[in-house]
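Coordinate inspection notes
Chain by chain, the residues run as shown.
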Amino acid sequence: MTVFAAEQQFHDAERPLPSHQARLACRAGLAETTAGVAPGFVQGNLAILPEKYAAAFHRFCQLNPKPCPIVGMSDVGNPMIPSLGIDLDIRTDLPRYRVWRDGELAEEPTDILAQWQDDLVAFVIGCSFSFEEALLADDIPIRHIEEKVRVPMYRTNIPCAPAGPFSGPMVVSMRPLKPKDAIRAIQITSRFPSVHGAPVHVGLPESIGIADIAKPDYGDPVPIGSDELPVFWACGVTPQAVIAAAKVPFAITHAPGLMLVTDLKNKHLAVL
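This write-up is about the structure you can find in this document. (Residues numbered from 1 in each chain as written. Predicted model: local features only at pLDDT ≥ 70, side-chain atom pairs only at ≥ 80, totals over all residues. Heavy atoms only, no water.)

Regarding the packing of helix α4 (residues 129–137) against helix α6 (residues 179–189)
Using the following cut-off: To get an axis, fit a line to the C-alpha atoms, keeping to the stretch in contact for a helix; angles then go from 0 to 180 degrees between the N-to-C directions. Helix and strand assignments come from DSSP, with helices taken as H or I runs of at least 4 residues and strands as E runs of at least 2, each series counted from the N terminus. Throughout this description, any angle smaller than 35 degrees is read as roughly parallel, any larger than 145 degrees as roughly antiparallel, any in the 65 to 115 degree range as roughly perpendicular, and the remainder as oblique. By convention the crossing between two helices is left-handed if the near helix lies anticlockwise of the far one by an angle smaller than a right angle, and right-handed if it lies clockwise. It only takes one pair of heavy atoms within 4.5 Å for two residues to be counted as in contact. Classification convention: Asp, Glu, Lys, Arg as charged; Ala, Val, Leu, Ile, Met, Phe, Trp, Tyr, Cys, Pro as nonpolar; all other residues, Gly among them, as polar.
Interhelical geometry of α4 versus α6 gives an angle of 125° and a closest axis separation of 10 Å. On the basis of their axis angle, the class for α4 and α6 is oblique. Between α4 and α6 lies a crossing of right-handed hand. Of the residues in α6, those touching α4 at F131, A134 and L135 are A185, I188 and T189. When its residues are assigned to classes, the contact of α4 with α6 shows five nonpolar, one polar and no charged.

Below is the structure:
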């Protein structure tokens, strides 16, 4: 199916959702960053593991709710997660995936139909793209959206609490903000704990182990003005660093910045 055909199918559907349209476009082969896509709808990071490792990974997420807030989870072997979306299929509905073997990145396909197994469990983890809607509504600029690139993400020296084979450093996403906007961003994002909540660090990137802010470990660099501070939020790419460190025989994640768009509403995640 072409992207045009997917969009036509969306327009022909009865009372369709923009989030459903985004997933149809992914099924048609669209492989671009989802920042700013389907405003108002929750986006999610993805981690898929064999059932053998699922309980330990679930515990890891419980112990590390800032980087790994779970918003959805599949039954064993079932690629559908009805609670997150109409006919949502975890195998086809992200722009791009990463397949890991023994902790090494093996391939980056646009679907995982060929890689799916009957023992797999999918975890959908909250994404900071969701709170960006609230920041933009308050006129706080988002640099990677302005630049039309992926958000910059960095491995840090902040340790995660271990669980079973899973341990390692927290990954953070960064948005440069003027000091007054940074203060307001802290207030706004504190309302959204299920999509990482308030920042974990402001300024001084070297103090959390980031040697060169111009060279992110994932995503793309963005310019930081002389009157701006780098503001860091816990990031759902953390499981990728942890899965790599654990060297599990097989796992699947999303490609950083290319997320699952769900039918959940961002406004329903606010706690205040």
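Next comes the rest of the write-up.
Remarks on the environment of S74
Definition in use: Within 3.5 Å is the distance limit for a polar contact, defined as a pair of N or O atoms, with the added protein rule that one can donate a hydrogen and the other accept it, and that residues adjacent in sequence qualify only through two side-chain atoms.
By the element assignment, S74 lies in the loop between β2 (70–73) and β3 (97–101). In this structure the C-alpha to C-alpha distance between S74 and W100, which are 26 residues apart in sequence, comes to 19 Å. What S74 contacts, discounting residues up to four positions off in sequence, is M80, I81, L120, V121 and A122. A distance of 2.9 Å separates the side chain of S74 from the backbone nitrogen of A122, its partner in a polar contact.

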